[in-house]
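Chain and residue survey
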Amino acid sequence: MQTHLFVSDKPRSLALRPTVLEETPSGVLIFEQVNTQNYSFEPPKCNVKLIGSAEFDASKYSIVNSRPVYGCLGLINVQNECFLAVVTDCVPVGRVRPGEDVYKIQTVNFYSLANSQYDDLDTAYNKETWDADDDTQANMIQHPCAQLQKLFSNGSFYFTPDFDLTRTVQARTSTASFGVHSFDEHFMWNQFLISGLMEFRSKLDKEKQQKLDRGGFLVFAIQGSVGMEEVEIGGEKFELSVISKLSCQRAGTRFNTRGIDDHGHVANFVETETILYSDRTCLSFTQIRGSVPVFWEQQGVQLINHKIQIARSSTATQPAVNRHFQELLVRYDNVHILNLLSHKDNSGEQLLSNAYDTAVQNLPTPPGAVVMTDFDLHNECKGGSYENVSKLMQRIQSDFSEYGVFVMDSNDNRIGSKQRGVFRTNCLDCLDRTNLVQNELSRLALTKYLVNRPRSDKGYGQGYDGILSRHSHLWAENGDNLSKLYAGTGALKSAFTRTGKVTFMSVLGDATKSVNRFYINNFQDKAKQEVIDQLLGKLVGQKEIAIYDPIQDSVSEIMLKRLQEYSTVQKITIFAGTYNLNGQSYQGESLDAWILQHLDQPDIFCIGFQEIVKLSPQQVMSTDIEKRKVWERQLEITLNKRSKKSPYIALRSNQLVGAALLLYVKQDIVHNIRNVESVVKKTGLMGMAGNKGAVAIRLDYCDTSFCFVCAHLASGHSNVEERNADFLTIDQGLMFPKGRGIESHDNIVWVSDLNYRISMSNEEVRSCIDHDDLQTLTDADQLLQQISENKTFPGYREGTITFQPTYKYDLGTDIYDTSEKQRVPAWTDRILFKGPRLQLLQYARAELYTSDHRPVLALFEAEITTLDHAAEAKMKNELYKEKLQSGVVTQVEVKSANNKPPLPLTPRPIYNRPPPPPPPATVVDTLVDINDDDDDDDSDDESLPMPSSDDNKWWEDGKDIPQANASFPDKRNPFEANSLEESGLFLDSSEALLDQSSTFEDSWVPIQPSGSSWTADDDFVKPKSPYSAKKVGSSNLVGESEEKNDQPTFNDSFAFWNGKK
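Residues numbered from 1 in each chain as written. Predicted model: local features only at pLDDT ≥ 70, side-chain atom pairs only at ≥ 80, totals over all residues. Heavy atoms only, no water.

1. Regarding the overall build of the chain
Secondary structure assignment for the chain yields 24 helices and 34 strands. When the 1061 residues of the chain are sorted by exposure, 52% land in the buried category. Partitioning the contacts of the chain with sequence separation of at least 6, the portion at a separation of at least 24 is 72%. (Helix = DSSP H or I, 4+ residues; strand = E, 2+ residues; numbered from the N terminus. Buried < 20%, exposed > 50% of the residue type's maximum accessible area, 1.4 Å probe, protein only. Contact = heavy atoms within 4.5 Å.)

2. Regarding the packing of helix H5 (residues 314-332) against helix H6 (residues 348-361)
Where H5 meets H6, the axes come as close as 9 Å, and the angle between the chain directions of the two elements is 65 degrees. Taken together, H5 and H6 sit at an angle that is classed as roughly perpendicular. Classified by chirality, the crossing of H6 by H5 is right-handed. Touching Ser314, Gln318, Val321 and Phe325 of H5 are Tyr356, Thr358 and Ala359, all from H6. Per-class residue counts for the contact of H5 with H6 are 4 nonpolar, 3 polar and no charged. (Axes fitted to C-alpha atoms, helices over the stretch in contact; angles between N-to-C directions. Parallel < 35°, antiparallel > 145°, perpendicular 65-115°, else oblique. Left-handed = near helix turned anticlockwise from the far one by under 90°. Nonpolar A, V, L, I, M, F, W, Y, C, P; charged D, E, K, R; others polar.)

3. Some words on the sheet that holds strand S22 (residues 604-610)
Sheet architecture is open: 6 strands sit in the order S23-S24-S22-S21-S33-S32, paired in mixed fashion. What marks the edges here is a single partner per strand, and that holds for strand S23 (648-656) and strand S32 (838-845). Ignoring strand direction, the axes of neighbouring strands in this sheet form an average angle of 20 degrees. Pairing analysis gives 7 bridges linking S32 to strand S33 (residues 856-867), with the strands arranged antiparallel. Of the residues in S33, the one forming a bridge with Ala844 is Leu857. (Pairing = 2+ DSSP bridges.)

4. Remarks on the packing of aromatic side chains
In this structure the tally under the stated criterion is 27 aromatic pairs. Ring centres of Phe110 and Phe152 lie 6.4 Å apart, and the angle between their planes is 40 degrees; this geometry places the pair in the tilted category. Remark: Phe152 occurs in helix H1 (residues 146-152) and Phe110 occurs in strand S8 (residues 101-112); sequence separation between them is 42 residues. Considered together, Phe110 and Phe152 belong to a single accessibility category, that of buried residues. The ring of Phe187 carries Lys245 above its face, with NZ or CZ at 5.6 Å from the centroid. Its guanidinium or amino end placed over the ring of Tyr809, Arg854 lies 4.0 Å from that ring's centre, counting from NZ or CZ. (Phe/Tyr/Trp six-rings, centres within 6.5 Å; stacked < 30°, edge-to-face > 60°. Lys NZ or Arg CZ within 6 Å of the ring centre and 35° of its normal.)

5. Quick word on the pairing of strand S2 (residues 12-18)
Most of S2 is tucked away, with 6 of its 7 residues classed as buried. Sheet topology places strand S1 (residues 3-9) next to S2; 7 bridges connect them, and they run antiparallel. Bridge pairing in S2 links Asp9 to Arg12. The hairpin turn running from S1 into S2, its antiparallel successor, is 2 residues long.

6. Observations regarding the side chain of Asp184
The residue Asp184 is located in the loop between helix H2 (169-174) and helix H3 (191-202) in this model. Reaching out from Asp184, the side chain makes a polar contact with the backbone nitrogen of His186 at a distance of 3.0 Å. In this structure, Asp184 is in contact with Thr166, Arg167 and Arg331, ignoring residues within four places of it in sequence. (Polar contact = N/O pair within 3.5 Å; in protein donor to acceptor, adjacent residues only side chain to side chain.)

7. As for helix H22 (residues 869-886)
The end-to-end C-alpha distance of H22, which contains 18 residues, comes to 26 Å, matching closely the 26 Å that a straight helix rising 1.5 Å per residue would cover. Considered for burial, the residues of H22 that qualify are Glu872, Met875, Leu879, Tyr880, Lys883, Leu884 and Ser886. Its side-chain oxygen 3.3 Å from the backbone nitrogen of Ala870, Asp868 forms the N-cap of H22. (Expected span 1.5 Å × (residues − 1).)

8. Thoughts on the pattern of salt bridges
Pairs can form between side chains of opposite charge once their charged atoms are near each other. What the rule picks out here adds up to 41 salt bridges. Residues Glu100 and Arg172 are paired through a salt bridge, measuring 3.1 Å at the closest nitrogen-oxygen approach. Highlighted residues: Glu100 in the loop between strand S7 (81-95) and S8 and Arg172 in helix H2, separated in sequence by 72 residues. For Glu100, a relative accessible area of 8% gives the class buried. Overall, the relative accessible area of 17% leaves Arg172 in the buried class. Between Arg830 and Glu798 there is a salt bridge; the shortest N-O distance is 2.7 Å. Within this pair, whereas Arg830 is found in strand S31 (residues 829-834), its partner Glu798 is found in the loop between helix H21 (782-788) and S31, the two being separated by 32 residues in sequence. The class for Glu798 is buried, based on a relative accessible area of 19%. Here the residues in one salt-bridge network are Asp814, Arg845, Glu847 and Arg854, joined through shared partners. (Salt bridge = Lys/Arg side-chain N within 4 Å of Asp/Glu carboxyl O.)

9. Examining the pairing of strand S12 (residues 270-277)
Across a regular strand the side chains alternate sides, sitting on one face of the sheet and then on the other. Counting buried positions along S12 gives 8 out of 8 residues, so the element sits mostly inside the fold. Side chains of S12 alternate between two faces, with Val270, Thr272, Thr274 and Leu276 and Glu271, Glu273, Ile275 and Tyr277 buried alike. Inspection of the sheet shows strand S11 (residues 236-246) paired to S12 by 8 bridges, in the antiparallel sense. Paired with Val242 across the bridge in S12 is Thr274. Two elements, S12 and strand S13 (residues 281-289), share 8 bridges in a ladder whose sense is antiparallel. Note that in S13 the partner of Glu273 across the bridge is Thr286.

10. So, the packing of helix H15 (residues 550-561) against H22
Look at H15 against H22: their axes get within 9 Å of each other, and the N-to-C directions meet at 130 degrees. If you check the angle between H15 and H22, you find them oblique. Our pair here, H15 against H22, has a crossing hand that is right-handed. Contacts between H15 and H22 involve Ile551, Gln552, Ser554, Val555, Ile558 and Met559 from the first element and Glu872, Met875, Lys876, Leu879, Tyr880, Lys883 and Leu884 from the second. Partitioned by chemical class, the residues of the contact of H15 with H22 number 8 nonpolar, 2 polar and 3 charged.

11. A short note on unusual backbone geometry
Here the bond from Lys10 into Pro11 is cis, since omega is -10 degrees, no more than 30 degrees from zero. With respect to the helices, strands and loops of the structure, Pro11 is situated in the loop between S1 and S2. The step from Tyr807 to Lys808 runs through a cis peptide bond, and the omega angle for that step is 0 degrees. Within the element layout of this structure, Lys808 appears in the loop between H21 and S31. A positive phi is found at Asn346, a non-glycine position, where the angle reads about 60 degrees. Looking at the element boundaries, Asn346 is found in the loop between strand S16 (335-339) and H6. A relative accessible area of 76% means that Asn346 is categorised as exposed. The backbone phi angle of Asp772 is positive, close to 55 degrees, even though this residue is not glycine. For Asp772, the position within the fold is in the loop between helix H19 (762-770) and helix H20 (774-779).

12. Focus on the confidence of the model for the chain
Summarising the model, the chain shows a mean pLDDT of 81, and 74% of its residues fall at 70 or more. Across residues 132-138, confidence stays below pLDDT 50; counting only partners more than four residues off in sequence or on other chains, it has 3 contacts. Taken together, the stretch residues 962-1061 has pLDDT below 50 and engages in 191 contacts with residues farther than four places along the chain or on a different chain. (pLDDT = per-residue confidence, 0-100.)

Structure representation (structure tokens):
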């Protein structure tokens, strides 16, 4: 529905009003940004009001542009400003069924609720590139939401004001109990933006909800591809549609998002529906595609041979695979997997296919619910013989007939048949091969349906060919559109999908697309991935825009205090070990002395190796994983020697040349672990070589996060500053996906060769070792010295060192280095940790002789918090109702974002600045500096007149009046909060610097039960002040209604605050 966007700057607010008011008595939706009293630390909130059209004073507003807009996608916080996302241009795509029109979004603009700086900003951009640095706008002000605008304007977002586009025809028809706003969260891409407005809607009464819905203010968007064609068969008109919806649960670009996550969501998951509608019947056939549901990745630049790495063992993968297929069975009843991966010996696709087969065989599903058919399409259709796909169609004929299609009578909506299963197709990227096979599946469903229809018209055969031709065109467009979203180019093999032929030009076109994909996927997709994560609210620290509600704020404070009532705390033990192998292979030495020291078996083992390979010039630029695999197997064997209750499984491992990090967990706790990710950071040769650097693995255990880091810092006895710099590079530069850093976690453990030495001579160190004088050695330990001086590892702790230095020994002996270099013994191998609920139980070393180092171990006890989200939601709702009925709201100060924030009434400490001198007895507020010179001397200036008195008035003595110097020595505005803080002022009175009479010009009235006698004026109590000419506003939203209603309802003034003065 068309609306107009209005703006007012006094104070700043935006309003959406329907273009035709008479036809849609829906009211006006108004948005204002507000801040709470801790404005410097809390993200802004938005005040939303729904008022009647008659109440809207259009004279205070101006139309942003003459063209109508098409609703809003929601609100987002960017750079601590609220932005309203408005659909400013769209085009109709077509009609699925009568009353079901679909529109493609062309342009989305983001309007700030805080200021008008970006209102008229030219948002032109290059749609073909995602490069952050654009020379054309290097010297221009860039809109903070420019990349989001680019994403929304790529022609892949669709919406409809008429029906739920996130669900299939069968789901919409079969589940009549779903409300108008009961969307499928898998496919609603602006869910993060619009969630606050949806909560606002849920608190309105039914009449207000209907007005909001009639206004068409809220837009719900999908991303994917929608194509429609009209065709006629035997005099009967048909509308053919192919609708593909890309899931937003694990969304991203080709090499950045692969496989499955711990929630069971897979990359590039698409639900595609073929719909054929006529006035008599409606046909729907649904199929899905998605990445291979195991943990796999492709790291580094992918050129010709794409290296595939399986990131987790089959046992650690199985819980996520189970979640994935359990959800599919709930949605579609039965699943038939079509696996199109290559089975070429020793290929990456064969490795991936074998892992997939293993996971499917271990599914705990009823027999026949999930079946799998392998079809090596490259081998079966080599030489461009894509017609051989018919062999696959013949093999799946039985399940195809059993699953059927959805058919409904268009006149009375009577359901003739339902689809009872779905085909899940995949190749490596789920693009080219997948689209080819899905086109044949859809064609087969359409053909069977048309063949069984009565043929009363002679022109039926010709029309039949025409509809199949249109169908092929729609599927070719569908494949191109989906491929552009994931890989950046159109689909390969699309020429065969369109025409059924393979030509030289089509082969040449596919080669060109492959080259373009290489560049886009390796050099542009990372920036695009960050924008996608921002849209979906998946960046670290990103929060939804909260609709301002004092009751909700009060409830949130209570919920925080009562955390224990909806959470449980358990304790787990974690073993951490570090061992520099000096490039030595496993030589059969038992690891029991290091790994199996504890009778109570730890829940998690974190093992870090350094120099797992020789750091030769050939090795430092690449990673050889073969030695790591040998150590992995031996560690797993060792761990399971004594495991009686639950075996240990390899959860995740990763390697940066010589540094390797391995995580093992008990099998019975794997289901508690989510979001396991791993990254590396190079620090050698200015960040280009991996001989030095770090590898890290992070995870969430229930609702507690952990980060484990294995690092190898700069060597050399005196290179302390280099080691400090390496730590800083790793700590600040090592970033997990979605902007999460090391410090973003609740608990951090470093298992590393930090290479810090002992600042003593070789003879002194060895003498102290001989006399077991560890205190003298620790006093000279470089790491402890640097930590005490706050130069490295700030906030980290280490256990008391009670063991001798671990470096450097003659191989296979207990004798420190006797070689020509005679290296000074040191504690290079260390375990440091950070976390308020992480307790160290043991810190020791083990006696292994494979390397010239000794391994170090630590045992931790960690508290794990588990939230009961159902109990949390129930308690929150009960508290909200209780507060609403009682009328009691805790004090929350409100102010418009357009006004200056109120200055504090008590002095604020200014950190890192000396306190100012005490003020004189009488304070005079000076607006201009009347000094004529810059002399800092405190003596009296003879150029100034003597102070005036009743008898002596200097302005009457006939002399020239001194001219005021109106220029400030500091050009910054001292009346702005930031400038005041930077100047080191203590602010004792807000009246002296700011007239707050405008603070409550537009007040917000809290939610009140109907029948309550409470008014806004009751709570705005003005304190007594000697400055009677000034108004001081104070928002004390406290008090209880004298009249209470047991069944409160939202009245017509409800908008969270109705704007009364």
